[in-house]
Amino acid sequence: MSISVISSLYRVEAHLPQFTSSVRKFAEQVHHAGIDVLYIPIVNDATPTEQTAIDQLAHDINAAEHGIMLPQYVGRETLYASWNRGVGLSDTPYFTFWNADDIRDADAFIEGYRALQDGATLIDYIFNVRKISKRFGLFPSETEEHSRMLFHTDPFTRKNGVGPFFMTTRDLYNQVGEFDENFRVTGDMEWAERTLPLVNFYPAKQVGGHFYIHGGNLSNTGASREDIELNVVFLRLQRWYQLIPVDPTQMREIWETWGNRDSITLPAEVENFLWGDSAESRWQQYQAERTQPKWIQNIRRRLASRGLIQSAEWDVFLRNKGH
């Protein structure tokens, strides 16, 4: 096998019809392109429906000789634990990941595979973002737009990382190390940042696929856990200016239990910002400001920029800009 496609699956029954159909079509297309793919779906705490569907998918892929699929059934673990498990179970020189609620583009995958063969060590893509929401809280509505490419070789910001269809090499993984399994949401970003001194990056020309935002995603939800984990990334890098207000109790607990792996002594100003006396009210204000309608946000920013009102979000902007 030339490349592994690893999927960490947990409670994906709603996405199984689309996922299994997409994998079958994808496997046939890349097989005809001459690429031998090892598929490793790692199903966390599988339901009977999930196991039946994945076993049938594996039977179909293997019987058609459109690659090899080796399902793994495990207890509940973090996404990045499953990713590390999948890399460890494979012996291919290249690998990538496929979430059950996304659709990969086979032609883009083939482009990335050829670039890896030519010496690139990490491939990233722009991708289509499909967002499902309810208009007026009642009527389902779907929008689609192109994302920007998330990975770049400059120092990362909170808006960077890797996209959902990135591809990489085992050699780079061995040099950089495993994904940090303590992260639940942003471990791919943390890992990608560690690649910067070593990576030979290839920005793919084709669109990697469709990424769905449906409310049940781990990332891109604006949830507190995602913000806290991103703070951990920048605390480890000692980029204090990248920090944002978060739940102070959870932030301190996560940092002191597993986040501070390098025993970093934080400046008093940083501790006060994150979990000092005013941290709770700052976080509450920041959350409230971020959820306001766009037109209100724009007015507030104009007023805050003139010093007419106080804004937690504007204060964060000035911290970043002042670096």
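What you see is a predicted model; the values in this text were computed from it and never measured. (Residues numbered from 1 in each chain as written. Predicted model: local features only at pLDDT ≥ 70, side-chain atom pairs only at ≥ 80, totals over all residues. Heavy atoms only, no water.)

Draft legend 1. Structural detail: the overall build of the protein. In terms of regular secondary structure, the protein is built from twelve helices and twelve strands. Whereas a compact globule of 323 residues would reach a radius of gyration of roughly 20 Å, the protein reaches 21 Å, a difference of no more than 12%. Here the protein holds 323 residues, and the buried ones make up 50% of them. Sequence separation of 24 or more characterises 73% of the internal contacts of the protein that already satisfy a separation of 6 or more. Carbon and sulfur atoms make up 50% of the accessible area of the protein, which amounts to about 15,500 Å² in all. Across the protein, the 32 positively charged side chains and the 42 negatively charged ones have centroids separated by 8 Å. (Helix = DSSP H or I, 4+ residues; strand = E, 2+ residues; numbered from the N terminus. Rg over C-alpha atoms; globule rule 2.2 N^0.38 Å. Buried < 20%, exposed > 50% of the residue type's maximum accessible area, 1.4 Å probe, protein only. Contact = heavy atoms within 4.5 Å. Areas by Shrake-Rupley, 256 points an atom, 1.4 Å probe, with all protein chains shown as cover. Lys, Arg positive; Asp, Glu negative; His and termini not counted. Charge placed at Lys NZ, Arg CZ, Asp CG, Glu CD.)

Draft legend 2. Representation of the nonpolar core in the model. Counting residues in hydrophobic clusters, the biggest one holds 47 residues, and the most contacted among them are Phe97, Phe179, Trp191, Leu235, Met251, Trp255 and Leu274. Among the elements that take part in this core, helix 7 (residues 224-236) stands out by supplying six residues, more than any other. Sequence-distant contacts of Met251, defined by excluding residues within four places in its chain, comprise Ile228, Asn231, Val232, Leu235, Val246, Leu274 and Trp275. Membership of the second largest hydrophobic core comes to 40 residues, among which are Ile3, Leu57, Trp98 and Ile213. (Core = buried A, V, L, I, M, F, W, Y, C linked by side-chain atoms within 4.5 Å.)

Draft legend 3. Broad picture of the confidence of the model for the protein. Mean pLDDT over the protein stands at 92; residues scoring 70 or higher make up 93%. Across residues 214-222, confidence stays below pLDDT 50; counting only partners more than four residues off in sequence or on other chains, it has 19 contacts. (pLDDT = per-residue confidence, 0-100.)

Draft legend 4. Summary view of the pairing of strand 5 (residues 94-97). Alternating positions in strand 5 separate into two faces, Tyr94 and Thr96 on one and Phe95 and Phe97 on the other, with burial throughout. Judged from the four bridges that link them, strand 1 (residues 3-10) and strand 5 form a sheet pairing that is parallel. By the bridge assignment, Val5 is partnered in strand 5 with Thr96. In this structure, strand 5 lies alongside strand 10 (residues 167-169), joined through three bridges in antiparallel fashion. What sits directly across from Phe95, in strand 10, is Thr168. (Pairing = 2+ DSSP bridges.)

Draft legend 5. Molecular detail of unusual backbone geometry. At Asp45, a residue that is not glycine, the phi angle is positive and equals roughly 50 degrees. Mapped onto the fold, Asp45 is located in the loop between strand 2 (37-44) and helix 2 (48-64). Positive phi, normally seen in glycine, also occurs at Ser263, with a value near 55 degrees. In this fold, Ser263 is placed in the loop between helix 8 (248-259) and helix 9 (268-275). Take Ser263: its relative accessible area is 61%, and that puts it in the exposed class.

Draft legend 6. Focus on helix 2. The end-to-end C-alpha separation of helix 2 is 24 Å, in line with the 24 Å expected for 17 residues at 1.5 Å each. For helix 2, the complete set of buried residues consists of Glu50, Ile54, Leu57, Ala58 and Ile61. The buried residues of helix 2 occupy an angular sector of 100 degrees when projected down its axis, which confines them to one face. Along helix 2, exposed side chains directed more than 90 degrees from the buried face belong to Pro48, Thr52 and Ala63. Those residues of helix 2 that are buried are in contact with strand 1, helix 1 (16-32), strand 2, strand 3 (68-69) and strand 4 (72-74). Directly beyond the C-terminal end of helix 2, a positive phi value near 55 degrees is found at Glu65. (Expected span 1.5 Å × (residues − 1). Arc of directions from axis to C-beta.)

Draft legend 7. Representation of the environment of Asp55. Within the secondary structure, Asp55 is located in helix 2. The class for Asp55 is partly exposed, based on a relative accessible area of 35%. In the structure, Asp55 is positioned 109 residues away from Pro164 in sequence and 24 Å away in space, judged by C-alpha atoms. Of note is the side chain of Asp55, whose polar atom sits 2.7 Å from the side chain of Tyr73. (Polar contact = N/O pair within 3.5 Å; in protein donor to acceptor, adjacent residues only side chain to side chain.)

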